[in-house]
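Next come the chains, spelled out residue by residue.
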Amino acid sequence: MSSLFRRGAVRGLGPLVVLVLAGGPAEAAQLSSRAVADAGPREWAITGGMVHRGDGTVIAEGTVVLRDGLIVSVDEGSAGPAGVFRLDASGKHVYPGFVTALGDLGLRGGSAAERPGRAARPGAGAPPTPSRGPEDRPGTFSWQLAADSLTLDDDRIAARRTAGFTSAVSVPSRGIVSGRAAFVNLGAGDPRDLVVGGDQAVMVRLETLGFRSFPGSAMGVIAYIRQLFLDAAHYDEVWRLYEEDPTGLARPRHDRALAPLVLAAAGEQPVLLPANLDKEIRRMVRLAAELGLRPILYGGHEAAPAAGFLADAGVPILVDLNWPQADPDADPEARVPLRELRLRDAAPAGPAALAAAGVQFGFYRGESGRSGGRGSGDDLAAVRTAVERGLDREAALTALTSAPAEIFGVADRVGTLAAGKIANLLITDGDIFDEGTRIEAVFVDGVIHYPDSAASETDDDAGAREAPGGNR
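Residues numbered from 1 in each chain as written. Predicted model: local features only at pLDDT ≥ 70, side-chain atom pairs only at ≥ 80, totals over all residues. Heavy atoms only, no water.

## Quick notes on unusual backbone geometry
Rules: Each helix corresponds to a stretch of at least 4 residues labelled H or I by DSSP, and each strand to a stretch of at least 2 residues labelled E; elements are numbered beginning at the N terminus. Only protein chains enter the accessibility calculation, which uses a 1.4 Å probe; a residue is then buried when its area is under 20% of its type maximum, exposed when over 50%, and partly exposed in between.
Unusually for a residue other than glycine, Asp-68 sits at a positive phi of about 50°. With respect to the helices, strands and loops of the structure, Asp-68 is situated in the loop between β3 (58-67) and β4 (70-76). Taking the relative accessible area as the measure of exposure, Asp-68 reaches 16% and is therefore buried. Phi is positive for Asp-445, close to 55°, though the residue is something other than glycine. Turning to its location among the elements, Asp-445 is positioned in the loop between β16 (439-444) and β17 (447-449). Relative accessible area serves as the criterion here: at 5%, Asp-445 is assigned to the buried category.

This is the structure:
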C-alpha cells in the first residue's frame, strides 16, 4: 500500500480527504485526455500550497483543480470543489512540470541502417561505403520521427520524472541529421498517448566519426549541412513548379532525405544546431542566417560572451547542464590548458548572462561529451549552481518550464499552470532552488507519481484506498 494513503498524513502533504466522487459537468467531456483514460483518479483539488504559475506570478495560498488530465482552474484560496480527490498542500510549493529540453529519452538504440556513413539503401547491411559527395546523403536520417519510435522501456524516464521532469524533447541521436524531434510527456501507458508535439524540430549534429571519406571532418560536415539545405530548397522549388503545371515536364524523383527538410529549409520549422563555444555560437547563427533557417542552438557552455550577439539575432539556446569539470581519472600533475579552466569557471555563469541580455533559453543534460554525464539526478543541482552564480530564481524556473515550451511551439499546452493546459506539475516541501528541498509528488497528464515509489497508483489501487474520514 502506498504511504500516500496511510492513515494520518499524505506523504508530508497534509491529511488527505477523499470525498464522494461526483459526476463532473458536461464540459468535462471536452477536457478529456486519452493518456489518463484508465489511470488513477481523474479529478483532483490540490489545495493550500504556494502556487508558482511559471509566468512570473505566485499565489501565496492557492488551489489547482485537475480533471481528466487537464488543469481546470488555478485560483487563490484553499477551498476546492466538492466531490473530488483532495490533496492538502499547505506549507508546500506547487510548480509547473519541468522540461528537459533535448535528449533521446524513450528511444531505442539505432539500427545498422542508422549508423553514420552513406545513406541507407534497401537491403543495406554491409559496412558504410565511402561517400562520393553530398548526393549520397551521408549520415542523414531526416525521415525518422522520434514520435514513431517511442518506448517506455527506458529507465531514464522514471529517473527524470523523480527529479520533477514531466516532459522532454526527444530526438534520435545518430548521424549528422538524425531525425525530427518530438515533445513528449514522461508518463506511463501507451507511448502514443504521451506525444504532445510530434514533429517540432530537425536535429543536426557535427558527427564526424565513422566516415571513411567526406564529410569526415568538422569543415566537411558544415559544408555538407550547407549543401543539404540548399538542395532541400531546390527540391521544394522543383516540385512546386511541377505541381503548378506538370504538362510536358519530367516528374521529379522523390527524395526521402530532402522531402522532410523542405519546411526547415524555408524557415518554417526550427533546426537544432550544435554550438558550445563562443565561436561556434556565432558560426551557427551566421550559417542559419545565410541559409534562411530558424535555429535553436544547443550546448552553450561559453554563452556568456555571446549573450548580446544572441539577443540581437533573436536566437534561442539550450544550455547543457553538464558543466565542464575535471576528469576524475586524469593525472593530477598534468597541466590543464588555461582555456579549459576558464570554461569550467564560466559555464555555470552563462545562464545569468543570457537572462540579463534577454535571450530565451532552456536547460537539458547531455548524456556524454566534453564534460561527461553525471546522471539525471544532478539536473536540479546543476541549476542551483547557476542560481548561485547569479541566475535569478524566476528566470531559472522559466528555463525549466515555459521557455522550452515556447521554443518548441507547445506553450499553449504545457509550461505554465493555467486553465486548459495539460496537468503536468510537481509538489515540493520547499523552494525548489533551496538545497535539500524534496519533490513529494509529480503529476503527468493528471496522473500522480511518487518519486520514492517504483510505480504509481492507478484506479484499481488508489481509488480502492480510504483516508481517514473518506467516503466511497
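Still more to cover.
## Considering the sheet that holds strand β12 (residues 294-299)
Threshold: At least two bridges found by DSSP between two strands are what make those strands a pair. For helices, the axis comes from a line fit to the C-alpha atoms of the stretch in contact; other axes are also lines fit to C-alpha atoms, and the angle between any two N-to-C directions lies between 0 and 180 degrees.
Taking strand neighbours across the sheet as the criterion, the eight strands line up as β7-β8-β9-β10-β11-β12-β13-β14 in an open arrangement whose pairing is mixed. Each edge of the open sheet carries a strand with a single partner, namely β7 (98-103) and β14 (361-364). Each strand axis lies, on average, 30° off the axis of its neighbour in the sheet, ignoring direction. Pairing of strand β8 (residues 165-170) with strand β9 (residues 177-185) involves four bridges; the strand directions are antiparallel. When the sheet's bridge partners are listed, Val-169 is paired in β9 with Phe-183.

## Brief notes about the confidence of the model for the protein chain
Short version of the rule: Confidence of the predictor at the level of single residues is given by pLDDT, which spans 0 to 100. Contacts are assigned to residue pairs with any non-hydrogen atoms lying within 4.5 Å of each other.
With 78% of its residues at a pLDDT of 70 or more, the protein chain has an overall mean of 83. Across residues 368-377, confidence stays below pLDDT 50; counting only partners more than four residues off in sequence or on other chains, it has 25 contacts. Low pLDDT, under 50, characterises residues 454-472; the stretch is placed with 38 contacts to residues that sit more than four places away or in other chains.

## Focus: the packing of aromatic side chains
To describe a pair of aromatic rings, one takes the distance between the centres and the angle between the planes. Spelled out, the test is: Within 6.5 Å between ring centres, the rings of Phe, Tyr and Trp (the latter by its six-membered ring) count as paired, and their orientation is classed by plane angle as stacked under 30 degrees, edge-to-face over 60, tilted in between. When the NZ atom of lysine or the CZ atom of arginine is within 6 Å of a ring's centre and also within 35 degrees of its normal, the charge is said to sit over that ring.
For the structure on display, the rule yields eight aromatic pairs. An angle of 90° between the planes, with centres 5.8 Å apart, marks the rings of Trp-239 and Tyr-242 as edge-to-face. Here Trp-239 and its partner Tyr-242 are both found in helix α2 (residues 218-244), three residues apart, which amounts to about one turn of the helix. Overall, the relative accessible area of 19% leaves Trp-239 in the buried class. Taken together, the aromatic side chains of Trp-44, Phe-85 and Phe-443 make up a single cluster linked through ring pairs. If you follow Arg-256 out to its NZ or CZ, it ends over the ring of Trp-143, 3.7 Å from the centre. Positioned above the aromatic ring of Phe-309 is the side chain of Arg-282, whose terminal nitrogen or guanidinium carbon lies 5.0 Å from the ring centre.

## Some points on helix α8 (residues 379-388)
Counting buried positions along α8 yields seven of 10 residues, so the element is predominantly enclosed. Along α8, the positions that sit buried rather than exposed are Asp-379, Leu-380, Ala-382, Val-383, Arg-384, Ala-386 and Val-387. Just beyond α8, the residue with positive phi is Gly-390, at close to 115°.

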